[in-house]
Amino acid sequence: MTRSILALIITIISFTQLHAAAISCTAGKSGSFPCKSVTQQSQVPLGRFNTHPQSASNLWGYVDPDDNREYAVIGLSNGTGVVDVTNPTNPRVVGVVPGLQSAWREVKVYSVHNNKTKKWDAYAYISTEAVGGGLQVIDLTQLPKRVSLAFADHEISTAHTLFVSNIDFSTGQPLPGLTPTLYMEGTNYRAGSNQAGLVAYSLKNPRNPKIIGRYTETYVHDVYVETFSGGRAKQCAGHDPCEVVFAWTGGDFRTIDFTDKSSPRVLGTLVYPNLGYAHSGWISPDKNYLFNNDELDEIDSDARTRI
């Protein structure tokens, strides 16, 4: 996530007054914030969370397909908050799952159909840079009444961020014929190391993920994962379909064939001109282009931010 977006999220969550009605964008302002064709529906201050967090760092949206209620799952400095935003002008804090104190907490949501109950189960996966925080799995199946901690894995101690592959990001549900995998980046998996790269978890049991692969040649700051097939998979040494991890390491950008979780293979490494810090990115809908975000290019090269 870029610093500007992160700062905006923190500012919105940290605002100290909750507006009960929408505020239209007028003369380039919606409440306290500059705007263009956007109406501010409401604001949830940090004081609304009963754990009294000092800040917030990340959020992810989730819509429950069983009742179409919409939620924001928010990384707080001392846990993870879940807010029902089905009525956007009157959001309701459902609850907070406590976590170790940290300025950074990342959230992703995975939704899987339960054949026994004929309903959809959902879980939020939480990473944090707090030492000993590990991976938290939050059970969202009891919404809209409550949320709870389903599982905590401490095989890793810390992680910067995380990503779930092979899902529809608008629903969190698996893509047809593909197997979702949870990736955690910036982990300190190796003893005594803060730069042990990338860890892959199986989501076969989504309540209790298990490590099935590691890439430890370098620190990995963030990833985007895409599955290619046919001619697009020809570089993947017989893997078709091929699950490719696009990895931003800070110092370079790498493509990794991660189809065989026990034996990931680097397909290529790129160091682009005026590299400040290779941070993150996203793929185009046709899968032909990758958009790269550099966190420090405008600082190190005295130029405007570029994509």
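What counts and what doesn't
- Residues numbered from 1 in each chain as written.
- Predicted model: local features only at pLDDT ≥ 70, side-chain atom pairs only at ≥ 80, totals over all residues.
- Heavy atoms only, no water.
- Salt bridge = Lys/Arg side-chain N within 4 Å of Asp/Glu carboxyl O.
- Buried < 20%, exposed > 50% of the residue type's maximum accessible area, 1.4 Å probe, protein only.
- Helix = DSSP H or I, 4+ residues; strand = E, 2+ residues; numbered from the N terminus.
- Polar contact = N/O pair within 3.5 Å; in protein donor to acceptor, adjacent residues only side chain to side chain.
- Core = buried A, V, L, I, M, F, W, Y, C linked by side-chain atoms within 4.5 Å.
- Contact = heavy atoms within 4.5 Å.

A. View of the pattern of salt bridges. Considering all chains together, one arrives at 10 salt bridges under this definition. The residue Asp-84 makes a salt bridge to Arg-92 at a minimum N-O spacing of 3.7 Å. Residue class for Asp-84 comes out buried when judged on its relative accessible area of 3%. One connected set of salt bridges, linked through shared partners, spans Arg-69, Asp-84 and Arg-92.

B. View of unusual backbone geometry. Note the cis peptide between Leu-143 and Pro-144, where omega equals 10°. Looking at the element boundaries, Pro-144 is found in the loop between strand E9 (135–139) and strand E10 (148–153). With an omega of 5°, the peptide bond between Asp-240 and Pro-241 qualifies as cis. Counting through the fold element by element, Pro-241 comes out in the loop between strand E17 (222–228) and strand E18 (242–248).

C. Expanded view of the side chain of Ser-42. Looking at the element boundaries, Ser-42 is found in the loop between strand E2 (33–34) and strand E3 (56–63). A distance of 2.6 Å separates a polar side-chain atom of Ser-42 from the backbone oxygen of Pro-88.

D. Region of interest: the nonpolar core. Tyr-183, Leu-198, Val-223, Val-245, Phe-246 and Phe-258 are the most contacted members of the largest nonpolar core, which has 24 residues in total. Among the elements of the structure, strand E15 (198–202), E17, E18, strand E19 (253–257) and strand E21 (278–283) are those that each provide at least two residues to this core. Residue contributions to this core peak at six residues, all from E18. Apart from residues lying up to four places away in sequence, Phe-258 is in contact with Tyr-183, Leu-198, Ala-200, Arg-214, Tyr-215, Glu-243, Val-245 and Pro-264.

Remember, this is a structural readout, not a statement about activity or role.
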